[in-house]
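Structural features, examined
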Amino acid sequence: MTSSPDSTDTFRWNLTSSISKSALLFLAILSLFVVFRFNTSDVILPADRLQTLNSGWADEKRCADCHEQAETFWETGHANTLQRVDDVDSKELLEKLDIFLSDQPSNTTKVKNHDGQFVASYEHDGVESQVRLDWCLGSGTHARTWVGTLMDSRGATDLLEFRWSWYHGIDGFDITPGQPLKADPGYFGGLGVLFDAPKTRKCLGCHASYLPIKDGHIDQHHIKPGVTCQRCHGPRKAHVESDGDVRDYSWRNLDQMESVNRCAECHRRAEEQKPSEISPQNSAITRFQPVGLVQSPCFKNSKMTCLTCHDPHLSPQAQDSMGLWQCLQCHDELNELHTGCSAGHLDQCFSCHMPKVKMGESPVAFRDHWIRIRRQSEQQP
Ligand code: HEC
Ligand code: HEC
Ligand code: HEC
Ligand code: HEC
Ligand code: HEC
Ligand code: HEC
Ligand code: HEC
């Protein structure tokens, strides 16, 4: 009747015997709410294009036999953006998180390791609610957020986004971005926020390469975590079996905007943002690099794409991401087509023209991809 953890696994939705009648009523209302939300039709993202392709997948360990890209790729954020909760990094952080939580005054949220299953619990008014955490999102470059999966009354997979996240910037824990600073006292209050099935599908869909779904139910055992080779290059079984004879150069044939929009399936296309929100004053859009980049005079007056500065097979650290080379591809004094810096600067281009911008109160900052001339007050390292 109610949302319960995925029945394909052994863990059961667990309420302690002290549960009160009002809590049961609340649960009943909650389940109606979940069913109601379900009637809205699934929103299909362009990002679903490859996720739902089942056939023709090759073992990605094979790619390294013939391609040097596969030697460096596994260090990138893309490769590591989704992990099972008991993977080494996630496990270590959850153990630290429990110690952190126990030091918080009047906190009743805990995370315990029960024989390798991490269970988050929260107590309010004598009612204890629990959820098992299943996945850790984010490679840790900026942050990591944990989620637990639940099964709703129609058998579809919902998701509980845990209230606490780890942030690289502070090497510590804080409230998950987008969640209220003060927990609602309700059922999920101290545990986090519940997402319905369509939102669950989107959430995992941008962090996984293959997400097997039937009638809203996600087969979690067969998820291919991370944004890996075949998420971008399509299924490659025929390619591998033919020793590379069967090829598909589809990305190379895209025009400038199509190429940016392929990356923007996950990083956000400019059309997905309300026009009124696209302004230099709105720092929230710096999270969505394509939105800013396509406003830049650089982009509009050249063939620039994301690939001009990013090699998807190298981590930013591995490709001298803060070098001069990115800008000098065009703004070189020897390049007659383009001007150099009219303020006379010869280095540190990023600090003035693509500075890091902090995301509100959260300890996360993003580099602003709207390349432009800024007033002194906008400049920062
Ligand atoms: C399927 C979704 C998806 C697609 C398609 C995608 N990205 Fe990403 N990208 C992500 C996610 C998720 C992250 C966050 C990784 C993390 O957890 O640190 C990310 C992170 C990045 C980073 C930070 C790199 C790092 O290693 O920390 C860069 C740069 C990037 N993407 C560029 C691109 C470019 C360029 C393309 C197109 C060629 C692209 N992305 C396509 C989902 C995607
Ligand atoms: C439309 C695609 C999309 C959806 C949906 C999505 N993400 Fe992401 N997520 C991204 C991309 C792209 C990045 C990389 C952002 C960057 O580094 O600029 C990212 C980064 C992250 C990070 C790393 C921290 C950060 O800000 O870089 C976490 C944690 C995360 N996402 C969690 C979630 C959770 C939890 C959900 C669902 C409730 C979710 N994401 C839904 C695309 C998506
Ligand atoms: C985030 C998306 C993304 C991921 C993940 C990714 N690639 Fe690529 N790859 C690209 C793009 C974009 C290009 C350039 C396309 C072009 O110009 O034709 C490319 C180009 C290539 C090329 C052709 C290079 C050339 O000479 O044109 C090979 C080979 C390749 N990738 C292999 C891999 C392998 C192997 C993996 C996994 C280990 C991988 N890629 C992961 C996006 C990705
Ligand atoms: C037995 C060798 C072999 C294996 C294994 C192999 N490839 Fe290739 N691949 C080639 C050859 C040969 C080419 C053509 C020459 C080139 O572009 O490097 C190629 C080209 C490519 C290209 C560019 C052309 C295109 O079709 O898009 C991509 C992308 C690519 N391979 C991806 C992969 C991925 C991903 C894997 C692992 C799932 C993989 N390859 C495994 C031999 C191989
Ligand atoms: C003119 C060069 C340039 C172009 C074009 C460019 N980027 Fe970046 N990008 C950078 C630099 C520099 C960084 C910072 C890397 C670092 O801090 O190590 C960065 C960082 C990122 C990050 C990590 C988030 C952060 O702020 O640290 C993501 C994600 C990203 N870019 C995605 C994209 C996407 C998607 C596109 C295409 C829409 C794109 N970039 C186009 C230069 C560029
Ligand atoms: C692919 C080519 C290309 C690359 C790479 C590039 N730009 Fe540009 N940029 C242009 C073009 C074209 C213009 C329009 C004026 C011109 O022709 O020089 C421009 C204009 C500008 C302007 C003037 C913007 C305004 O508000 O009027 C600035 C500032 C700038 N670029 C900085 C940079 C910096 C910093 C980098 C590296 C992060 C960079 N560009 C990388 C092509 C590029
Ligand atoms: C200390 C801050 C700072 C640094 C560092 C810096 N710039 Fe600038 N840049 C400016 C300012 C301010 C202007 C506008 C000057 C003016 O009013 O003409 C400008 C203007 C420009 C323009 C526009 C030129 C035109 O004629 O429209 C380009 C292109 C540019 N910079 C590129 C670069 C590149 C490439 C680098 C790195 C080699 C760089 N800048 C480093 C502050 C900086």
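Structure's up top.
In this report, the structure presented in the accompanying data block is examined. (Residues numbered from 1 in each chain as written. Chains lettered and ligands numbered in written order. Predicted model: local features only at pLDDT ≥ 70, side-chain atom pairs only at ≥ 80, totals over all residues.)

A word on unusual backbone geometry
Counted only if it meets this: A helix here means a DSSP run of H or I that spans at least four residues, while a strand means a run of E at least two residues long, and both kinds are numbered starting from the N terminus.
Residue D171 is not a glycine yet carries a positive backbone phi of 45°. Looking at the secondary structure, you find D171 in the loop between β8 (157-167) and β9 (172-175).

Some thoughts on helix α9 (residues 256-267)
Under the convention used in this document: Here the expected length of a helix is defined as 1.5 Å per residue gap, with one fewer gap than residues. Residues with at least 20 other C-beta atoms within 10 Å of their own are called buried, those with 12 or fewer are called exposed, and the rest are partly exposed. The C-beta atoms themselves are positioned from the backbone. Contact between two residues is assigned when their C-beta atoms, built from the backbone, lie within 7 Å.
Given a rise of 1.5 Å per residue, 12 residues ought to cover 16 Å, and the 16 Å separating the end C-alpha atoms of α9 matches this to within 8%. Taken as a whole, α9 has its buried residues at V260, R262, A264 and C266. Where α9 is buried, its residues meet α10 (289-293). Of the residues trailing α9, R268 is marked for its positive phi of about 90°.

A short note on the pairing of strand β7 (residues 143-151)
Short version of the rule: By the convention used here, strands pair only if DSSP detects at least 2 bridges between them.
Burial runs high along β7: nine of the nine residues are buried. Residues A143, T145, V147, T149 and M151 point to one face of β7 and R144, W146, G148 and L150 to the other, with burial holding for every one of them. Relative to β7, strand β6 (residues 135-137) runs antiparallel, the two sharing three bridges. Considered in β7, the bridge of C136 is made with W146. Turn length for the β6-β7 hairpin, with the two strands adjacent in sequence and antiparallel, is five residues, and the turn residue G138 shows positive phi of about 100°. Here β7 hands over to β8 after five residues, with G155 in that stretch at a positive phi of 85°.

Things to note about the site of ligand 7
In plain terms, the rule: For each residue, a C-beta atom is placed from the backbone, and the residue counts as near a molecule or strand when that atom lies within 6 Å of it. Classification used: nonpolar for Ala, Val, Leu, Ile, Met, Phe, Trp, Tyr, Cys and Pro, charged for Asp, Glu, Lys and Arg, polar for all others including Gly.
Close contacts around ligand 7 come from 16 residues, with C341, S342, H345, C349 and C352 the closest. Per-element accounting of the shell around ligand 7 gives the leading share, four residues, to helix α13 (residues 349-353). Here the shell around ligand 7 is composed, by residue class, of eight nonpolar, seven polar and one charged.

Function-wise, these values are silent; they only describe arrangement.
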